[in-house]
Amino acid sequence: MQLKITTDFTSALSIPQHQQVLDAFSRLDLISQGSQRPKLFQLKCLISLLSARHVVLRVATGSGKTLAMILPLLLSPNKIAITVTPLKLLQRDHVHEFEQYGHS
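These figures come from a predicted structure and were not determined experimentally.

(A) Main features of the nonpolar core. Formed by 17 residues in total, the largest nonpolar core has its most connected members in V21, L43 and L71. Listed by contribution, the elements that provide at least two residues to this core are α2 (15-31), α3 (40-50) and α4 (65-75). Considering every element that reaches this core, the biggest residue donor is α4, with 6 residues.

Here you go:
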């Protein structure tokens, strides 16, 4: 798999953060059988969440916010994610996507 991440992003990362990004790419590639690659905003979210920082995402519908919540769980399976959504349909979508990646 070819990694396409901007050097502006990677140059600011520590060595452990570089490893976390590479681990996220490889685990997502394995689980999705090569059909998914994290986007830059998802990787930034990953680094922030793994650094115990709060994150607020404002991106368009269907752009991958749920995967941004799932990526840290792929690297730390003993952790949990709490999602709050106003719609039951969105709740079901979250549950389905979490289950796709092996978390329920």
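(B) Local environment of the confidence of the model for the protein. Mean pLDDT over the protein works out to 84, with 92% of the residues at or above the 70 mark. Here helix α1 (residues 7-11) is the element of the protein with the lowest mean pLDDT, 76, and α3 is the one with the highest, 90.

(C) Representation of the side chain of S48. On the secondary structure map, S48 appears in helix α3. Ignoring anything within four residues of it in the chain, the contact list for S48 reads R53 and V55.

Parameters at a glance
Residues numbered from 1 in each chain as written. Predicted model: local features only at pLDDT ≥ 70, side-chain atom pairs only at ≥ 80, totals over all residues. Heavy atoms only, no water. Core = buried A, V, L, I, M, F, W, Y, C linked by side-chain atoms within 4.5 Å. Buried < 20%, exposed > 50% of the residue type's maximum accessible area, 1.4 Å probe, protein only. Helix = DSSP H or I, 4+ residues; strand = E, 2+ residues; numbered from the N terminus. pLDDT = per-residue confidence, 0-100. Contact = heavy atoms within 4.5 Å.

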